Amino acid sequence: MPDGSWTDQFPGFAALDPEVRTALTEKARIVHLPKGSRIFGAGEATDRLLMLISGTVRVQHLSESGREVVLYRVSGGDSCVMTNAFLLAYEDHAAEGIAETDIEAAAIPRAAFDAAIAGSEAFRTMVLSAYARRITDLFQVIDDIAFRRMDVRLAEKLLALAENGTLMSTHAQLAAELGTAREVVSRQLAEFQRRGWISMTRGQITLSDIAALTAHAEAPD
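Residue indices follow the written sequence of each chain, beginning from 1 at its first position. Confidence filtering applies because this is a predicted model: local features only for residues at pLDDT of at least 70, side-chain atom pairs given and counted only at 80 or more, and all residues used for totals across whole chains, interfaces and linings. The side-chain numbers reported here are obtained from all heavy atoms of the structure, hydrogens and water having been left aside.

## Examining the sheet that holds strand β4 (residues 56-62)
Link 1 in the chain: For two strands to pair, DSSP has to find at least two bridges joining them. The numbering of helices and of strands both runs from the N terminus, where a helix is a DSSP run of H or I of at least 4 residues and a strand a run of E of at least 2. Pairing is antiparallel across the open sheet formed by 4 strands, whose spatial order is β2-β7-β4-β5. Whereas interior strands pair on both sides, the edge strands pair on one side only; in this sheet they are β2 (38-40) and β5 (68-75). When the angles between neighbouring strand axes are averaged without regard to direction, this sheet yields 30°.
Link 2 in the chain: Pairing between β4 and strand β7 (residues 96-99): 4 bridges, direction antiparallel. For R58, the partnering residue across the bridge sits in β7 and is I98.
Link 3 in the chain: Contacting β4 and β5, helix α6 (residues 171-178) crosses the sheet at an angle of about 75° to β5. Whenever a helix is involved, its axis is fitted only over the stretch in contact; in every case the axis is a line through C-alpha atoms, and angles between N-to-C directions fall within 0 to 180 degrees. By definition, residues are in contact when any of their heavy atoms lie within 4.5 Å.

## Some details on the side chain of T7
Link 1 in the chain: With respect to the secondary-structure elements, T7 resides in the segment before α1 (18-27).
Link 2 in the chain: What T7 contacts, discounting residues up to four positions off in sequence, is F13 and T25.

## Regarding the sheet that holds strand β10 (residues 198-201)
Link 1 in the chain: The antiparallel open sheet is built from 3 strands, whose spatial order is β9-β11-β10. Edge positions in the sheet fall to β9 (166-168) and β10, since each of these pairs with one other strand and no more. Averaged over all pairs of adjacent strands, the angle between strand axes in this sheet comes to 15°, irrespective of strand direction.
Link 2 in the chain: The pairing of β10 with strand β11 (residues 204-207) spans 4 bridges and is classified as antiparallel. Along β11, the bridge assignment pairs M200 with I205.
Link 3 in the chain: The sheet contacts of helix α5 (residues 150-161) involve β9, β10 and β11, and relative to β11 the element is tilted by about 95°.

## Looking at the pattern of salt bridges
Link 1 in the chain: We define a salt bridge as a contact between a side-chain nitrogen of Lys or Arg and a carboxyl oxygen of Asp or Glu at a distance within 4 Å. Counted by the stated rule, this structure contains 15 salt bridges.
Link 2 in the chain: Between K157 and E177 there is a salt bridge, and its shortest N-O distance comes to 3.8 Å. Of this pair, K157 sits in helix α5 while E177 sits in helix α6, and the two are 20 residues apart along the sequence.
Link 3 in the chain: Each residue's exposure class comes from its accessible area (1.4 Å probe, protein chains only) as a fraction of the maximum for that residue type: buried when under 20%, exposed when over 50%, partly exposed otherwise. Note on E177: relative accessible area 13%, which makes it buried.
Link 4 in the chain: Salt-bridge contacts for E191 lead to R194; the nearest nitrogen and oxygen are separated by 2.6 Å. With E191 and R194 both in helix α7 (residues 182-194), this residue pair falls 3 residues apart, about one helical turn.
Link 5 in the chain: Through salt bridges with shared partners, a single ionic network connects R58, R73, E100, K157 and E177.

Rendered as structure tokens:
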């Protein structure tokens, strides 16, 4: 990708002063990582801001008990706001990022990030606005785990993740998506299968009755 053209993926860059935009693009390094790469992990130093040009990154938290919870996903044209937060706070990562697809990203080093935050109101606005939007998403995750029925959430997640009526996923992966135990997901999937809504083979779930799943996902909690 030509120097600087990656900024076209990020509308906020258009509002930056030319000298700030130039400084960031000159310092940034374009990186390519394959699907499955661990981009950052809990306890690791936060030394760069990744602006995702293409692909998808899953950001998740691993509890002390070993349970994974998916917090959010980052897609092309966005940055990882959790990384933003840790850069601002000078703290190590408290979550991990996994490439769900091959990705291309612009890596902006800490020094360039710090200079832009200190000297550019437009850059601060871009970073903090993205942070505020993602905090809303995280509150929704907390609300779902704490207050919404698991069967409703599972039906909703199956519909969201399936492609052409089929989902390639293990019970453990679905449990991480929903912030619950694998056994809970397995029991509920077995009930869905008993009702004829899905069929299951190893690592694959087929949605047999999308209308019934949709109605269940829209049921009041």
